[in-house]
Amino acid sequence: EDQVTQSPEALRLQEGESSSLNCSYTVSGLRGLFWYRQDPGKGPEFLFTLYSAGEEKEKERLKATLTKKESFLHITAPKPEDSATYLCAVQGALAGTASKLTFGTGTRLQVTL
Amino acid sequence: DSGVTQTPKHLITATGQRVTLRCSPRSGDLSVYWYQQSLDQGLQFLIQYYNGEERAKGNILERFSAQQFPDLHSELNLSSLELGDSALYFCASSVQGSGNTIYFGEGSWLTVV
């Protein structure tokens, strides 16, 4: 069974203080590792998909990296508007067009002035 | 705006009742997914449909059922509702299945009283 563990559960940063969020996973045949951002009461907002170890993707102050066992979401010089819950999910190998995401419980990030 | 539309946004109903949640996927997306998010469980995969046919199933209760119609919209039916069914229900869609980015709607907030 696919499993995703995210750490830390919560993180409080000052504006400009860079940090990293961790996502450890076990999956049978990784088809993709996904990062989402979720604001309270809203749907998850897609950030990145990583497909193979060594891959990196960047978007504004965020950079996602992937190894065979974990992924990191690096946040450089965060701003208060980056405050949200960041979710990691894996998509394992299923037959044909079958697909599902297994999510971690997320990291709640708060960025203060 | 992800392009995935869910209705209703909020719903309050009594125990034992039945409700139907509706989802319109992004234009061109053939796969529809349903997820449940409660405070203590995180995002849990319920079921996936691809072009009208069930493709993958998660821990969906027997009291719950779903279908995808020829126009690709989907409905999630929840019956004999219990207090513990109170949660945010998300619909998501993707072009096909494995490996494709999955986009989430804003959710339907169900409260069972």
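Just above sits the structure.
Structure report, in brief. (Residues numbered from 1 in each chain as written. Chains lettered and ligands numbered in written order. Predicted model: local features only at pLDDT ≥ 70, side-chain atom pairs only at ≥ 80, totals over all residues. Heavy atoms only, no water.)

## Quick look at the interface of chain B and chain A
- Taken together, the 21 residues of chain B in the interface contact 21 residues of chain A.
- Contact between chain B and chain A buries roughly 1,800 Å² in total, counting both sides, with carbon and sulfur atoms accounting for 55%.
- No other element matches strand β5 (residues 42–50) of chain B, which puts four residues into the side of chain B that touches chain A.
- Broken down by class, the residue content of the side of chain B that touches chain A amounts to 11 nonpolar, eight polar and two charged. (Contact = heavy atoms within 4.5 Å. Buried area = accessible area lost by both parts, 1.4 Å probe. Helix = DSSP H or I, 4+ residues; strand = E, 2+ residues; numbered from the N terminus. Nonpolar A, V, L, I, M, F, W, Y, C, P; charged D, E, K, R; others polar.)

## Examining the pattern of salt bridges
- With the rule as written, the count across this model stands at eight salt bridges over all chains.
- In this structure, A:Arg61 and A:Asp82 form a salt bridge, with 2.8 Å as the shortest nitrogen-oxygen distance. With a gap of 21 residues between them, A:Arg61 in the loop between β6 (56–59) and β7 (62–66) and A:Asp82 in the loop between β8 (70–75) and β9 (84–91) connect regions that are remote in the sequence.
- Here B:Arg26 ties to B:Asp29 by a salt bridge, and the two come within 2.9 Å at their closest N and O atoms.
- Looking at B:Asp29, the relative accessible area reads 1%, which means it is buried.
- Within the structure, one salt-bridge network assembled from shared partners comprises B:Arg63, B:Glu82 and B:Asp85. (Salt bridge = Lys/Arg side-chain N within 4 Å of Asp/Glu carboxyl O. Buried < 20%, exposed > 50% of the residue type's maximum accessible area, 1.4 Å probe, protein only.)

## With respect to the state of the cysteines
All names here are of chain B.
- Summed over all chains, the structure comprises two disulfides over all chains.
- Linked covalently through their sulfurs, cysteine 23 and cysteine 91 form a disulfide whose S-S length is 1.8 Å. Taking the torsion about the S-S bond as the criterion, the cysteine 23 to cysteine 91 disulfide, at about -60 degrees, is left-handed. Here the residue cysteine 23 occupies a position in strand β3 (residues 19–24), and cysteine 91 occupies one in strand β9 (residues 87–94), the gap between them amounting to 68 residues.
- Classification of cysteine 23 by relative accessible area gives buried; the value is 0%. (Disulfide = S-S within 2.5 Å.)

## Re the sheet that holds strand β3 (residues 19–26) of chain A
Residue and element names in this part refer to chain A.
- In spatial order, the strands read β1-β3-β8-β7-β6; together these five strands make up an open sheet with antiparallel pairing. What marks the edges here is a single partner per strand, and that holds for β1 (3–7) and β6. Across the sheet, the axes of successive neighbouring strands diverge by a mean angle of 15 degrees, strand direction being ignored.
- Across five bridges, β7 lies against β8 in antiparallel orientation. Of the residues in β8, the one forming a bridge with alanine 64 is leucine 73. (Pairing = 2+ DSSP bridges. Axes fitted to C-alpha atoms, helices over the stretch in contact; angles between N-to-C directions.)

## Here we look at the side chain of A:Asn22
Residue and element names in this part refer to chain A.
- Its location among the elements puts asparagine 22 in strand β3.
- Relative accessible area serves as the criterion here: at 12%, asparagine 22 is assigned to the buried category.
- Asparagine 22 has contacts with Thr5, Gln6, Ser7, Glu70, Ser71 and Phe72, leaving out every residue within four places of it along the chain.

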